[in-house]
Amino acid sequence: MKLAVLSESPADEAAIVVLVEAVIGGHFKHVRPGLRARGWPSVAQVLPSIIRHLHFNTDADGLVVVVDSDDSVVHNAEHDAPGYFHPQCRMCRLRAVFRQTTKKFPASHGRSRIFHGVGIAVPAVEAWYLCGCDEQVSESAWVAGQGTGQLPYTRAELKFRVYGTDRPNLQLEIQRAVEEVRRQRHDLRRLENDFPSFAALARDIRGWNKNS
Amino acid sequence: MIASVAFRNFKALRETSLILAPFNLVIGPNGSGKTSLIQAMVQLRALARLPLRELMPDDERHPEGAEITFRFQPPFDGLEASLSCVSESLCDFLQVTPLSTGGGVDDWVGLRARLLSLKSYRFNHEAIASTSALKDGGELAPDGVNLAAVLFTLRNTNPNIFECFKAELLRIQPEYDEITLIEQADHTIALGLRLAEGAEVVPSDNLAQGTLYLLAILALAFDPEPPAIVCIEEIDRGIHPRLLREIRDLLYRLSYPASTGDTRPSVQVVATTHSPYLLDLFRDHPEEVVITEKHGRTAHFTRLSDRADLAALLEDGSLGDLWFSGILGGVPDEQ
Ligand SMILES: [Zn+2]
């Protein structure tokens, strides 16, 4: 399997690779160079071009996109209803981009379309890194905080808890990211339970084999 | 180090002030005061070299002359330094006065020593690429012209720091696996980088501009005796957008040494840029971004963190795009 990963930084990419391999249960070949976006909404802006490029110009089997939710609306089961689309939900937005972009693509490189996996880290990827270490941190805690207006933590606090500084350099970010996802890779049940927007990515990926 | 600067009639800075953080990224159109801010700090250093003069009688003051007033962080927060200027741009008089509160009132000598260490850089890739005389291997020159000699000296006097410098360079530019510094017959030092593939040494005048700028910034970040204040113009110059994160990290290494586990004192950094991609990297620290704005012939400073609606704006756009759009200010006037 050959995959492309679209992320916001080399540290995110390093962690996503470990998590995706944990879901697949093996290694995958990587489309080089790694794809990068400059945060939301740049991800949504460049995604159609990236999908087009991967479909027509490469033999990639799939594309994994992971972005932070920041303060946006978090995806939930209601959004999964047929035809439903929440304009402030990044999961709904990115899935829609995949749908619309690939709708009229002819087959290329022996496949009708490339697989896609969308994950949203709520509110930031550092929350995933803390899963299993910090009981306070979960997607439901964040969503509950959005409801009451009393957020349980800030993105800056999450970063501080992971890196021990609010100005980590890239090397430290990569090191900590990889340490934390390697800790979790042998059993993803906790991460999938505490972070449904990660579970959605895992489901996307597990669905690839069934659809292939 | 410097807590604030207030300007009166200094070039386009007619009446504005700025609180400085440990790290300051200054953005804005040409002629809006980015360079003037750095020039003011350089003039403070120049005048601090001279003996202090007595208080200037009011009748000697140039009523329309420029005046620049600096205040400082503890332990020097009890002192104020004012530059008076003969013209709109040339200051010739430094006055240091005690404030009613704060410390260091009697320690102008201590403050002066720190101000004298201030360094201002505007790197030039052709200068950086040149061979340099071994004897010039002290402090890095403002354009980077003596980089080869500085690195040669660093390797001899601080081999451990040189190894860290090299490791960082080779990590950021993995196409190379060695830095070569060769003393030539005429006692000049030639700098080169050895390609990991094929082992060919690329001489400095054949290196990419971005690599030369990176070498100079790395030399600053690994200076064993860093100055108290560093000003760098156009910090993004020649650097690939994806490598700007490394540049930011190197500058943070100076300003926030604790973030990399370093115990040396913090260096105050003032860096200017025109790169929206570099600006994107300050989304979590808008308090570090200074916007210079020019209306007609008058310029002033604002802090990005002063924007009350910044968080809401960032939901729908990156910082760089917001700046380019004009809604943050700091863009050129158009016809
Ligand atoms: Zn949704």
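Conventions and cut-offs
Residues numbered from 1 in each chain as written. Chains lettered and ligands numbered in written order. Predicted model: local features only at pLDDT ≥ 70, side-chain atom pairs only at ≥ 80, totals over all residues. Heavy atoms only, no water. Phe/Tyr/Trp six-rings, centres within 6.5 Å; stacked < 30°, edge-to-face > 60°. Helix = DSSP H or I, 4+ residues; strand = E, 2+ residues; numbered from the N terminus. Buried < 20%, exposed > 50% of the residue type's maximum accessible area, 1.4 Å probe, protein only. Lys NZ or Arg CZ within 6 Å of the ring centre and 35° of its normal. Pairing = 2+ DSSP bridges. Axes fitted to C-alpha atoms, helices over the stretch in contact; angles between N-to-C directions. Contact = heavy atoms within 4.5 Å. Buried area = accessible area lost by both parts, 1.4 Å probe. Salt bridge = Lys/Arg side-chain N within 4 Å of Asp/Glu carboxyl O. Polar contact = N/O pair within 3.5 Å; in protein donor to acceptor, adjacent residues only side chain to side chain. Nonpolar A, V, L, I, M, F, W, Y, C, P; charged D, E, K, R; others polar. Expected span 1.5 Å × (residues − 1). Parallel < 35°, antiparallel > 145°, perpendicular 65-115°, else oblique. Left-handed = near helix turned anticlockwise from the far one by under 90°. Donors = N, O, S within 2.8 Å, 3.2 Å for Na, K, Ca; no water. Tetrahedral: all angles 85-135°; square planar, octahedral: opposite > 155°, others 65-115°.

Caption draft 1: Inspection of the packing of aromatic side chains at higher detail. According to the stated counting rule, one finds 13 aromatic pairs over all chains in the structure shown. Here F23 of chain B and Y252 of chain B contribute two aromatic rings whose centre-to-centre distance is 5.5 Å and whose plane-to-plane angle is 80°, an arrangement assigned as edge-to-face. Of this pair, F23 of chain B sits in strand β3 (residues 23–27) while Y252 of chain B sits in helix α7 (residues 244–255), placing them 229 residues apart in sequence. Both residues of the pair, F23 of chain B and Y252 of chain B, belong to the buried class. An aromatic cluster of three or more residues is present, and its members are F23, Y252, Y256 and F282 of chain B. Here the basic side chain of R167 of chain A rests over the ring of Y256 of chain B, its NZ or CZ set 3.7 Å away from the ring centre. Seen from the ring of F162 of chain B, R155 of chain B lies directly overhead, with NZ or CZ sitting 6.0 Å from the centre.

Caption draft 2: Focus on the pairing of strand β14 (residues 289–295) of chain B. All names here are of chain B. For β14, a buried count of five out of seven residues is recorded, marking the element as mostly surrounded by other parts of the structure. Two strands pair when backbone bridges link them, and β3 and β14 are joined in this way by three bridges, in the parallel orientation. Counterpart to I27 in the pairing with β14 is I291. Across six bridges, the pairing between β14 and strand β15 (residues 298–303) is antiparallel. When the bridges of β15 are listed, K294 appears paired with A299. Linkage of β14 to β15, two consecutive antiparallel strands, is achieved through a turn of two residues, within which G296 is found at a positive phi near 60°.

Caption draft 3: Region of the structure containing the sheet that holds strand β5 (residues 79–85) of chain B. All names here are of chain B. Spatially, five strands are ordered β2-β1-β4-β5-β6 in an open sheet, and the strand pairing comes out antiparallel. Where the open sheet ends on each side, the last strands, each with one partner, are β2 (13–19) and β6 (91–98). Within this sheet the neighbouring strands show an average axis-to-axis angle of 15°, counted without direction. Bridge analysis of strand β1 (residues 2–10) against strand β4 (residues 67–72) gives six bridges, and the strand direction is antiparallel. Residue R8 lies in a different strand from β4, and its bridge partner there is E67. Most of the contacts of helix α1 (residues 34–48) go to β1, to which it runs at about 105°, and overall it touches β1, β2, β4, β5 and β6.

Caption draft 4: Spotlight on the interface of chain A and chain B. Taken together, the 19 residues of chain A in the interface contact 25 residues of chain B. Broken down residue by residue, the surface that chain A buries against chain B is led by R38, R167 and L170 of chain A, which jointly contribute 41%. In this assembly, chain A and chain B are joined by six salt bridges. Two residues, R38 of chain A and D321 of chain B, come together in a salt bridge whose shortest N-O distance is 3.7 Å. Inspection of the chain A/chain B interface yields 13 residue pairs in polar contact (both at pLDDT 80 or more). Listing elements by their share of the side of chain A that touches chain B, those giving two or more residues are β3 (35–36), α6 (155–163) and α7 (170–184) of chain A. Residues of the side of chain A that touches chain B, tallied by class, amount to five nonpolar, four polar and 10 charged.

Caption draft 5: Broad picture of helix α6 (residues 209–221) of chain B. All names here are of chain B. The end-to-end C-alpha distance of α6, which contains 13 residues, comes to 19 Å, matching closely the 18 Å that a straight helix rising 1.5 Å per residue would cover. Burial runs high along α6: 12 of the 13 residues are buried. For α6, the complete set of buried residues consists of G210, T211, L212, Y213, L214, L215, A216, I217, L218, A219, L220 and A221.

Caption draft 6: Spotlight on the packing of α1 of chain B against helix α2 (residues 108–116) of chain B. Residue and element names in this part refer to chain B. In contact at an axis separation of 9 Å, α1 and α2 are set at 125° when each is read in the N-to-C sense. Judged on the interaxial angle alone, α2 and α1 are oblique. Crossing of α1 against α2: the hand is left-handed. Contacts from L44, R45 and A48 in α1 reach W108, R112, L115 and L116 in α2. Partitioned by chemical class, the residues of the contact of α1 with α2 number five nonpolar, no polar and two charged.

Caption draft 7: The coordination of the zinc ion, seen in detail. On the protein side, the zinc ion has H75 of chain A (ND1), H79 of chain A (ND1), C89 of chain A (SG) and C92 of chain A (SG) as donor atoms, found 2.0 to 2.3 Å from it. Coordination geometry of the zinc ion: the four donor atoms subtend angles of 106 to 114° at the metal centre, consistent with an arrangement described as tetrahedral.

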